[in-house]
Amino acid sequence: MNISSHARRSTVTRNAIGVGLATGVYGISFGALAVTSGFSFAQTQVLSLGLFSGASQFAVVGIMGAGGGAIAAIATSSLLGVRNGLYALSIANVLKLKGFKKVIASQLTIDESTAMSIANNDDEEMSRWAFWATGISVFVFWNIATAIGAFGASFVADPKSLGLDAAVGAAFLALLWPRLINKQIRVVGILAGLLALGLTPFVQPGIPVLASVLIAIAMGLKNASDK
Amino acid sequence: MEARWIAVIASSVIAFILKFSGNIVPARYLEQPKIKSITALVPIVMLSALVVVQTFASGQILVIDARLVALLFAVILLIIRAPFIVVVFGAAALAAILRYFDLIN
């Protein structure tokens, strides 16, 4: 390894730690919201260790905290997790893994590690390094932060008095916000919101969120046939 | 087993299977234009629906309460590019203040 690639590797590592710290911070909000939604400390931590995908974790906690059933929570979480499978697919030819490393890499395949890997895809070795450094960094900070948030919130007697129920919607909005990159996507988002709102009085909690996928299917099919 | 544990474990297992299958499934199955354009929109629709449900739903009843005010505050915070944690706890803090002074439930 020459000097310039050594320097680049340190830069990538520093960025990876930065991304880990930044996502870790919102792990605190996840831990706090999970516990105040009625999940135990252990359940909260297992979600961060095992499910390890922010939007899916917030979905499980949000849906069950609002009275939805386990099936609706699992289905919503899984549909949100489909993108991680696509990420794995898109970086598999860069990672070139075998055996147990493939298992570990799968668990670490999330928005951040994929983005950092793709951002360095001019150099395959650096792309791999970025994936591992970011994946490990986010995993470690996310789990520590979850524990801190969950522990802190376990002293809260009435989450509503602290406004924590109101923070769940804000958390989903903050996850959605950077994805609203064009007009069609914003329209799709509004339609999905209206459908969920309209269905809420008539179906079990959790179902309105699942039903919103119909909008993605309709618009996705339209987009594909327009091309 | 308690419903929450079932959800925690099953969603974790499925999440892993999805990630792992991306590593072993031949790319051509998932790279069809229809599948790609649908999956690109799935996070958008679900997160939008979650925002709405978490803001207005109380079980199957729709209500307007401090959560809506908090959400509008979150929009302002996002427009001025506040970090995630500021958006989340800023919204919570506003709801807490409104409730403390009995301005809205």
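Starting from 1, residues in each chain are numbered consecutively following that chain's sequence as written. Working convention: letters from A go to chains and numbers from 1 go to ligands, in the order in which they are written. Given that the model is predicted, a residue must reach a pLDDT of at least 70 before its local features are reported, and side-chain atom pairs must reach 80 or more before they are shown or counted; all residues, however, enter totals for whole chains, interfaces and linings.

**Digging into helix α1 (residues 3-24) of chain B**
Residues separated by three or four positions in an α-helix point in the same direction, a consequence of the helix having 3.6 residues per turn. Where we set the bar: Each helix is a run of DSSP H or I of at least 4 residues and each strand a run of E of at least 2, with the numbering of both proceeding from the N terminus. Here a helix's expected span is defined as the number of its residues, less one, multiplied by 1.5 Å. Here the C-beta atoms are placed from the backbone, and a residue counts as buried if at least 20 other C-beta atoms lie within 10 Å of its own, exposed if 12 or fewer do, and partly exposed otherwise. As used here, the arc is the angular range of directions from the helix axis to the C-beta atoms. Whether two residues are in contact depends on their C-beta atoms, placed from the backbone: they are in contact if these lie within 7 Å.
An ideal rise of 1.5 Å per residue puts 32 Å on 22 residues; α1(B) measures up with 31 Å between its terminal C-alpha atoms. Within the span of α1(B), buried status applies to B:Arg4, B:Ala7, B:Val8, B:Ser11, B:Ser12, B:Ala15, B:Leu18, B:Lys19 and B:Gly22. Buried residues of α1(B), viewed axially, fall in a sector of 125 degrees; they line one side. Residues of α1(B) that are buried sit in contact with α2 (41-51), α3 (54-65), α4 (70-95) and α5 (99-107) of chain A.

**A few points about the nonpolar core**
Test applied: Under the definition applied here, buried Ala, Val, Leu, Ile, Met, Phe, Trp, Tyr and Cys residues are grouped into a nonpolar core through C-beta atoms within 7 Å. The domain limits used here are those given by an automatic or database domain assignment.
Core analysis: the biggest nonpolar cluster contains 108 residues, and A:Ala167, A:Ala170, B:Val45, B:Ala70 and B:Ala91 have the highest contact counts within it. Shared between two domains, this core takes at least three residues from each, and those domains are domain 1 (3-162) and domain 2 (180-227) of chain A. Apart from the residues within four sequence positions on either side, B:Ala91 is in contact with A:Ala166, A:Ala167, A:Ala170, B:Ala70, B:Leu71, B:Phe73 and B:Ala74.

**A look at the confidence of the model for chain B**
Condition: Confidence of the predictor in every single residue is expressed as pLDDT, which spans 0 to 100.
Of the residues in chain B, 96% have a pLDDT of 70 or more, and the chain-wide mean is 91. In the predicted assembly, ipTM is 0.90 and pTM is 0.83.

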